[in-house]
Amino acid sequence: MIDLIIALIKVVGIWSFTLGVAAVMTWVERRGAALIQDRPGPNRAGLFGILQPVCDGIKLFTKENIVPEKADKVLFNLGPIMFAIPAFSAFAVIPFGDRIIIGGKEILLQISNIDIGFLYIVALGSLAVYGVIIGGWGSNNKYSILGGLRSTAQLISYEVPWGLALLGVVLVYGTFNLREIALAQQGTFLGILPNWGVFHQPLGFILFMVAAYAEANRVPFDLPEAESEIVSGYHTEYGSMKLGVYLFGEYVNITTLSALTVTFYFGSWHLPYINMASFLGDGTIIYGIASFLIFCLKVSFFLWLFVWVRWTVPRFRYDQVMKLGWKSLIPLALFNLFITTLFIQIKYYIGG
Amino acid sequence: MENENNNKKIEAYTGPGWVLTTLEMFMNWGRQRSPWPLPYGTACCGIEMMAALAAGYDMARFGAERPSFSPRQADVLIEAGTITKKMEPILKRIYEQMAEPKWVISMGACACSGGVFRTYSTVQGIDTIIPVDVYIPGCPPRPEALLQALIMILNKIGKDHPYYRFKSELEGNL
């Protein structure tokens, strides 16, 4: 019973956390764009326009709900749901802190500590494409279907280097369990560097980041919603809150991808060179909160990186995207995997 | 003041309902701060509209960011430029595709009255096709004028009654 209550608290907590981060991210994106483009940005709603997501939400909720006459009603309504569910579900296996021990009971700061966490993440990553293609197909609109098809091609192409890059980390730490990967990143590597995935897998990290931007349909890979070519892509026919769910799901995706980056490559809740557990005490509440805050800090940097890149880099042409995916990223990812395997084998024979 | 016909309704005795007016206030507060524009630039006014959207004037301060090129997602149609007879059905269709509530800004002399193009091929004012909320004179008007028009739209949204708008629409359909 107590386990169930703890699980429920964690689920509700993470659910509201991701929703809150996604809402704040819409504001960060608009103010960040304004900062980079040297203009004030939205500043009428609340202090510094912080209530802008609330205003957008109210407006979208109270707008007329249009379902086009020729659209497939079921698929049209199913699209945003199919888009939002995988985005939220992926957060279930990501550890957002170490553990708290209360009265001899261990509470992991992770919703579900499953051994196939990595496979779960990759599976949900490919499931997200269904929301886009179903929305594009169900709208019965030329631009929507083009956007949906582009998105499918792009996601399938970039799923491969994305997964292969992550596989390098899995080889280094020898586990599919995300919590164990996070735990293994404590200490130092080669005596001077922190024992983080990014120092074990520098090439893998770059490949992962590039593929992650493509997975999230963000600039420079926002082909599915290229305004200058296909109006708004797969959500051309969506108005009111269905559009809101699509836009919101995108930010939830970004949050999940940032959290994954931190978990796999940037030592999750570990600070470099400092063993927090030793001087805060392993399992104390203050240690749990501190580890969560460090995790949040790292995630927020990568969230900002998403915004930064979006307003700096122009969009690729469609054939360039495909060329980059199949001719550069996948061979490099395979090469990275080969080198990693080689090093592990050499280390195995030398070290016994 | 209430007129004679409304005296029979219950709100004549109790005053306007607290719940509905508060909800309306709340909705108007949100709508006032998030008017996504649909840029419809067909002539030189379009250039001034771009200037108003860009860094120097920054319409995004009022929440009028994210120009929605899909009419389903837009709130304010900014019609900037000359409308020819060929363009007339397209503009009408775009307006009809927009979701309620929607507002229209007619920007520049050509959109307001046909301007200098007093010919067979030009529509003499877009208000012959679609309802217009705010007219901006000028050929082309400066970005400040567009910003003032936007603020006038925002004030108009503030005085709106979403509930009665919905109710009258419902009664009209019955």
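Structure: above.
Our subject in this report is the structure included herewith.

Cut-off values and rules
Residues numbered from 1 in each chain as written. Chains lettered and ligands numbered in written order. Predicted model: local features only at pLDDT ≥ 70, side-chain atom pairs only at ≥ 80, totals over all residues. Heavy atoms only, no water. Pairing = 2+ DSSP bridges. Helix = DSSP H or I, 4+ residues; strand = E, 2+ residues; numbered from the N terminus. Axes fitted to C-alpha atoms, helices over the stretch in contact; angles between N-to-C directions. 1 Å grid on protein atoms, 1.4 Å probe; cavity = no way out; pocket = protein on both sides within 12 Å on 5 of 7 lines; lining within 4 Å. Points joined across faces, edges and corners; volume = space filled by probe spheres on them. Nonpolar A, V, L, I, M, F, W, Y, C, P; charged D, E, K, R; others polar. Expected span 1.5 Å × (residues − 1). Buried < 20%, exposed > 50% of the residue type's maximum accessible area, 1.4 Å probe, protein only. Arc of directions from axis to C-beta.

Quick look at the sheet that holds strand 1 (residues 37–41) of chain B now. Residue and element names in this part refer to chain B. Spatially, four strands are ordered 1-2-3-4 in an open sheet, and the strand pairing comes out parallel. Across the chains shown, the open sheet's two edge strands, defined by having one partner strand only, are strand 1 and strand 4 (134–136). The average undirected angle you get between the axes of adjacent strands in this sheet is 15°. Bridge count for strand 2 (residues 76–80) against strand 3 (residues 103–107) is five bridges, and the pairing is parallel. For E79, the partnering residue across the bridge sits in strand 3 and is S106.

The method is simple in principle: a probe with the dimensions of a water molecule rolls over the atoms, and the space it marks as empty is what remains. For the largest pocket, the calculated volume is near 1,300 Å³. Every residue lining the largest pocket is counted, 43 residues in all, and those nearest its centre are R30, R310 and W311 of chain A together with E65 and R66 of chain B. Listing elements by their share of the lining of the largest pocket, those giving two or more residues are helix 1 (2–36), helix 2 (52–61), helix 9 (227–230) and helix 10 (240–265) of chain A together with helix 3 (45–53) of chain B. Classifying every residue of the lining of the largest pocket gives 22 nonpolar, eight polar and 13 charged.

A separate point is helix 6 (residues 143–158) of chain B. Residues and elements named next belong to chain B. Across its 16 residues, helix 6 extends 23 Å between first and last C-alpha, which sits within 8% of the 22 Å expected from 1.5 Å per residue. Among the residues making up helix 6, those that are buried are P143, L146, L147, A149, L150, I153, L154 and I157. Looking down the long axis of helix 6, one finds its buried residues gathered within 160° of arc, a one-sided arrangement.

Take unusual backbone geometry next. The general pattern is negative phi for most residues beyond glycine and trans for most peptide bonds. In this structure, P101 of chain B follows E100 of chain B across a cis peptide bond, with omega equal to -10°. As for its position among the elements, P101 of chain B is in the loop between helix 4 (88–97) and strand 3. Of note, the bond from C139 of chain B into P140 of chain B is cis; its omega dihedral lies within 30 degrees of zero at -10°. Relative to the helices and strands, P140 of chain B resides in the loop between strand 4 and helix 6. The backbone of N217 of chain A sits at a positive phi, close to 55°, despite the residue not being glycine. Its place among the elements puts N217 of chain A in the loop between helix 8 (202–215) and helix 9. Judged by its relative accessible area of 5%, N217 of chain A is buried. Despite not being glycine, D58 of chain B shows a phi value in the positive range, around 55°. Relative to the assigned elements, D58 of chain B resides in the loop between helix 3 and strand 2.

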